[in-house]
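# Residue-level structural notes
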Amino acid sequence: MEYRVLLAESDRLMLERLGQVVNDTPNFTLAAKFQNVSDALGQGTVFNPNLILLDIEQPGGMGLIDEFKKVYPTAAILCMGEKWQAENASHSVKAGAKGYIIKPFTGVELQETVDTFSRLGSEAGSETLVFFSPKGKSGKTTLIANLAMALARKTREPVGIIDADLQFGDMAVFFNLAPQTTIVEAVRDTKFLSPASLSSYYMPVAPNVSVLCGTKTPNMIDKVSIHRLENLIAMSRSLFRYILIDVPAGFNPTSIAAAEASTTTFVMSMINGGYEIDHMKRALDIFRDWEDMETRVKTIFTRVEPCDSRSKLELSQKLGYPVTEIIPNEYTIVSDAADKGKMATDIRPDSPLSRQVDRLADNIIGRQHRIRWAAS
Amino acid sequence: MPGFTQEIHGVVITFFSTASAVGKTIISTNMAAELARQGKKVCLVDFDLQFGDVSNYLQILPQCTSFDLQQAMALQGSNVRAEEYLTPYEYHNVVFYVLAAPTKLEESYNIDADKAAGMIRQLQNVFDYVLVDTTSMFSKLNLELLDLSTIVSFLGIVDFIPTIKNMKIGTDTLKKLNYDKNKIRLILNRSNAKTRISIADVENLLGEPFYHILPNDFQAASRSIQDGVPLVLRSGGSELGDALRDLVARYTNRAYDDVTMDEDEGVSESWLSRIFG
């Protein structure tokens, strides 16, 4: 697609600089540039732009988006700011912009940002799925890896995994990755990043699936502040249709912050003949503070044998809360795949494990369609 | 000086791991029971504060928990008598005491690491052995516990590579903390469980041999959880119960006859280099 760009930027030097970048970027031409917003609104239509780059940090701010939408109903609006602010980005998207870019930007960043929103629509449709477990060894890393693959395969939309199990995250081992950049670098740099540049911190593992790996040593946990983690999640929303987040077991600042940022939190445990139902009950009690708990908190049990509707019903009754999905015991397959670093690609698609993961993926996709439909 | 008795601080054994579900609770409850059976004064502390299973595994219903003790400490300072906040476990003639985890999660969340360490110091004044069950992570509380422990039982299992990776991170971190070598004791649980990874490989990777190896006796372990009775207190015995007794004997220096461990013959496989190459 050819982009005819209208640039509205209040700073004279920045205006010149960005105009140059736009002109130097393949597939982009500068249709017009204005330092004054009223000029841009009154005169720009003559040049028939289809992409508007709008300085949002000037008088009028967010309100300008609405003005530009009225005058340029068919053009896409990309807001520009000096630094990334999750709130600004999110507000501008809610106000009708397609995305948010940090200025000054390079041609590559402009291209990537436009690619991202044209692929995704906008962050409004992004779902953040957090996988919480009361105790460790719940099978959540296995589930996340496989679910991410299923979601990407079924929707052909981008899926991101964040390994926020900050001390002992296993995602890198599961996918046999030796990451150059991890969540530590990503949160360190979010201040300077825009969504497009953040995407390079994620490691691609399969078509449409990328992973942001966890910390390499436990002491790095101190480098990931909660505020920055929240920022990272918010920014990732404009990169992926689905973000799957692996968090440390139990209630801790990380797992709580991720759950608060989630569209859906899956509370999960592995059946091992102990007290896991009791632990799940106690964990669910904490989520009762959420007014929308019933729609937002889902439960999953892993290693359920026999893995049938009757077991599911029994578990629901014992738990006193609906069980969304049960995953069968496939210890040999799972440990073998993890040992080979082929967690999500080596598991046979016709195995009972894959079937259950597929069902869960359908459930998530179906629900989102309903949400989108309701919102339209 | 007549009548003077030197204050004695008991032994603190912390059960720690960096992989979950390795058997910390079953091992700590059994060691507590075995030490008590030998006539020692024993307190088992459940510092898996949120989802601890000590009370579950022993099927006791505590009236007081570490949260109550923390509140009392806030009011009374060092005058508090920690032993008043314990719950006894009794089976036949064996008795030991439990400092239970809080009942409510918000209470668990609000246990302060320094206060918790203070509880252990209080209990050391009263008991020969204070055993501490923990969560699988390097938290502030766990680091304080590692510091004040006489012995750290670092537990692991050999099942699949993510677990091994986390054990390696755990032992490396413990080495960095520079504890005396014989303070940290590597214990392997469920050694004959089904896996393709050899124990020798893991020992090579961790850079030291396991101090003690416990067999996989899933049935005995789950039966003991169902009954609420530690294996070592059961007549008839079990393979795991016997191995746990041996472990206690080694900790208390009752036996020096080291059994030669069976080690699988292992060739170094590519997974070693995959994690740390």
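Per chain, residue numbering runs from 1 following the sequence as it is written. As a convention, the first chain written is A and the first ligand written is 1, with the rest following in written order. Note on the predicted model: pLDDT of at least 70 is required for a residue's local features to be given, and 80 or more for side-chain atom pairs to be given and counted; whole-chain, interface and lining totals, by contrast, use all residues.

With that out of the way, let us pick up the overall build of chain A. Numbering of helices and strands starts at the N terminus; helices are DSSP runs of H or I of at least 4 residues and strands are runs of E of at least 2. Helix and strand counts for chain A come out as 16 helices and 13 strands. Its C-alpha radius of gyration of 22 Å places chain A within 12% of the 21 Å reference for a compact globule of 376 residues. Overall size of chain A, expressed as C-alpha extent along the three principal axes, is 70 × 40 × 40 Å. Residue burial here comes from a neighbour count, namely the number of other C-beta atoms, placed from the backbone, that lie within 10 Å of the residue's own C-beta, with 20 or more meaning buried, 12 or fewer meaning exposed, and in between meaning partly exposed. Split into buried and exposed, the 376 residues of chain A put 52% on the buried side. Relative to all contacts within chain A whose residues are 6 or more apart in sequence, the contacts with residues 24 or more apart total 72%. To get the radius of gyration, use the C-alpha atoms; to get the globule rule, take the number of residues to the power 0.38 and multiply by 2.2 Å. Each residue is represented by a C-beta atom placed from its backbone, and any two residues with such atoms within 7 Å are regarded as in contact.

Here the focus is the sheet that holds strand E6 (residues 151-157) of chain B. All names here are of chain B. Pairing is mixed in the open sheet, where eight strands are placed in the order E3-E4-E2-E5-E1-E6-E7-E8. Each of the sheet's edge strands pairs with one partner strand only, and the pair in question is strand E3 (87-91) and strand E8 (212-213). Here a strand pair is declared whenever DSSP counts at least two bridges between the two strands. As paired elements, strand E2 (residues 42-46) and strand E4 (residues 94-99) share three bridges and run parallel to each other. Paired with valine 45 across the two strands is leucine 99, which belongs to E4. Those strands touched by helix H6 (residues 140-148) are strand E1 (11-16), strand E5 (129-133) and E6, and its axis lies near 140° from that of E1. For helices, the axis comes from a line fit to the C-alpha atoms of the stretch in contact; other axes are also lines fit to C-alpha atoms, and the angle between any two N-to-C directions lies between 0 and 180 degrees.

Residues and elements named next belong to chain A. UniProt positions are given in the numbering used here, feature names are shortened, and annotations may be inferred rather than shown by experiment. The positions UniProt marks with the feature "modified residue: 4-aspartylphosphate" (unreviewed entry) are Asp55. Turning to its location among the elements, aspartate 55 is positioned in strand E3 (residues 51-55). When the 24 C-beta atoms within 10 Å are taken as the criterion, aspartate 55 is described as buried. Setting aside its immediate chain neighbours within four residues, aspartate 55 contacts Ala8, Glu9, Ser10 and Met80.

All right, on to the confidence of the model for chain B then. All names here are of chain B. Every residue gets a pLDDT, meaning the predictor's confidence in that residue, from 0 to 100. Put simply, chain B has an average pLDDT of 89, and 90% of its residues get 70 or more. Contacts of residues 256-277 to residues separated by more than four positions or lying in other chains number 23 contacts, the stretch itself having pLDDT below 50. Overall fold confidence for the complex sits at a pTM of 0.83, while the interface term, ipTM, reaches 0.86.

For chain A, per-residue confidence averages 88 on the pLDDT scale, and 93% of positions sit at 70 or higher. In this model residues 369-376 of chain A is a low-confidence stretch, pLDDT under 50, and it forms one contact with partners more than four residues away in sequence or in other chains.

Right, let's get into the UniProt feature "domain: CobQ/CobB/MinD/ParA nucleotide binding" (unreviewed entry) in chain B. Those places that UniProt annotates as "domain: CobQ/CobB/MinD/ParA nucleotide binding" (unreviewed entry) correspond, in this numbering, to residues 13-221 of chain B. Overall, residues 13-221 of chain B shows 40% helix and 19% strand. The separation of its end C-alpha atoms is 21 Å.

For an α-helix, the turn length of 3.6 residues means that residues three or four places apart are oriented alike. All names here are of chain B. In this analysis, the expected span of each helix is defined as 1.5 Å times one less than the number of residues it contains. Compared with the 16 Å implied by 1.5 Å per residue over 12 residues, the 17 Å span of helix H5 (residues 113-124) between its first and last C-alpha is a close match. Taken as a whole, H5 has its buried residues at Ala116, Gly118, Met119, Ile120, Gln122, Leu123 and Gln124. The secondary structure elements touched by the buried residues of H5 are E1, E2, helix H3 (66-76), E4, E5 and H6.

Every contact between the two is made by 26 residues of chain A and, on the other side, 26 residues of chain B. Elements supplying a minimum of two residues to the side of chain A that touches chain B: helix H7 (171-174), helix H12 (276-287) and helix H15 (331-339) of chain A. For the side of chain A that touches chain B, the residue count by class is 11 nonpolar, 10 polar and five charged. Amino acids outside the nonpolar list (Ala, Val, Leu, Ile, Met, Phe, Trp, Tyr, Cys, Pro) and the charged list (Asp, Glu, Lys, Arg) are all regarded as polar, and Gly is one of them.

The strands making up a sheet are joined through hydrogen bonds of the backbone, oriented either antiparallel or parallel. Residue and element names in this part refer to chain A. The strand order across the open sheet built from five strands is E2-E1-E3-E4-E5, with neighbouring strands paired in parallel fashion. Two strands bound the open sheet, and with one partner strand each, they are strand E2 (28-34) and strand E5 (99-102). On average, each strand axis in the sheet is inclined to that of its neighbour by 25°, with strand direction left out of account. Two elements, E3 and strand E4 (residues 76-81), share five bridges in a ladder whose sense is parallel. Along E4, the bridge assignment pairs leucine 54 with cysteine 79.

Before going further, it helps to examine the domain arrangement of chain A. In this document the domain limits rely on a domain assignment from an automatic tool or a database. As assigned here, chain A comprises domain 1 (3-120) and domain 2 (124-371). Computed from C-alpha atoms alone, the centre-to-centre distance between domain 1 of chain A and domain 2 of chain A is 35 Å.

Right, let's get into the pairing of E6 of chain B. Residue and element names in this part refer to chain B. Counting buried positions over the seven residues of E6 gives six, a clear majority of the element. Where E1 and E6 come together, four bridges link them in parallel fashion. Residue pairing for E6: phenylalanine 15 is matched across the bridge by serine 153. Bridging between E6 and strand E7 (residues 184-189) involves six bridges; their strand directions are parallel. Looking at the pairing, phenylalanine 154 lines up with leucine 186 of E7.

A few words on H12 of chain A. All names here are of chain A. The end-to-end C-alpha separation of H12 is 17 Å, in line with the 16 Å expected for 12 residues at 1.5 Å each. Along H12, the residues that are buried comprise Glu276, His279, Met280, Ala283 and Ile286. All buried residues of H12 project into a common sector of 110° when viewed along the axis, lining one side. In this description, one arc is meant: the one made by directions from the helix axis to the C-beta atoms.

Moving on: the pairing of E3 of chain A. Residues and elements named next belong to chain A. Burial within E3 is extensive, with five of its five residues counted as buried. On E3, burial covers both faces: Leu51, Leu53 and Asp55 on one face and Ile52 and Leu54 on the other are all buried. Consider the strands pointing away from the viewer: the crossover is right-handed when the path from the first strand over the helix to the second runs clockwise. Handedness of the crossover joining E3 and E4 through helix H3 (residues 63-71): right-handed.

Let's shift gears to the packing of helix H7 (residues 161-176) of chain B against helix H8 (residues 199-206) of chain B. All names here are of chain B. Running from amino to carboxyl end, H7 crosses H8 at an angle of 35°, the nearest separation of the two axes being 10 Å. In this structure, H7 crosses over H8, and the sense of that crossing is right-handed. Touching Ile164, Met167, Lys168 and Thr171 of H7 are Val202, Leu205 and Leu206, all from H8. Counted by class, the contact of H7 with H8 contains five nonpolar, one polar and one charged residues. Left-handed is the label given to a crossing in which the near helix is rotated counterclockwise from the far helix by less than a right angle, and right-handed is the label when the rotation is clockwise.

Our next topic: the nonpolar core. Counting residues in each nonpolar core, the largest one holds 192 residues, and the members touching the most others are Ile52, Ala148 and Leu244 of chain A together with Cys43 of chain B. With nine residues, the single largest contributor to this core is helix H6 (residues 140-155) of chain A. The two domains that each donate at least three residues to this core are domain 1 (3-120) and domain 2 (124-371) of chain A. Other than its neighbours up to four places away in sequence, leucine 244 of chain A contacts Leu129, Phe131, Ile144, Leu147, Ala148, Val159 and Ile161 of chain A. Definition of nonpolar core: a set of buried Ala, Val, Leu, Ile, Met, Phe, Trp, Tyr and Cys residues joined via C-beta atoms within 7 Å.

Residue and element names in this part refer to chain B. Following both chains from N to C, one finds H3 and H5 inclined at 95°, their axes separated by 10 Å at the closest point. Relative to H5, the element H3 is oriented roughly perpendicular. The segment H3 lies against H5, with Ser66, Leu69, Gln70 and Met73 engaging Lys115, Ala116, Gly118 and Met119. Per-class residue counts for the contact of H3 with H5 are four nonpolar, three polar and one charged. Relative orientations are named as follows: roughly parallel for angles under 35 degrees, roughly antiparallel for angles over 145 degrees, roughly perpendicular for angles from 65 to 115 degrees, and oblique for any other angle.

For the bond from lysine 103 of chain A to proline 104 of chain A, the omega torsion is 0°, close enough to zero to count as cis. Here proline 104 of chain A shows up in the loop between E5 and helix H5 (107-120). Following glutamate 305 of chain A, the chain continues to proline 306 of chain A via a peptide bond in cis, the omega torsion being -10°. Within the secondary structure layout, proline 306 of chain A lies in the loop between strand E12 (297-302) and helix H14 (309-319). Even without being a glycine, alanine 21 of chain B presents a positive backbone phi close to 55°. Positionally, alanine 21 of chain B belongs in the loop between E1 and helix H1 (24-37).

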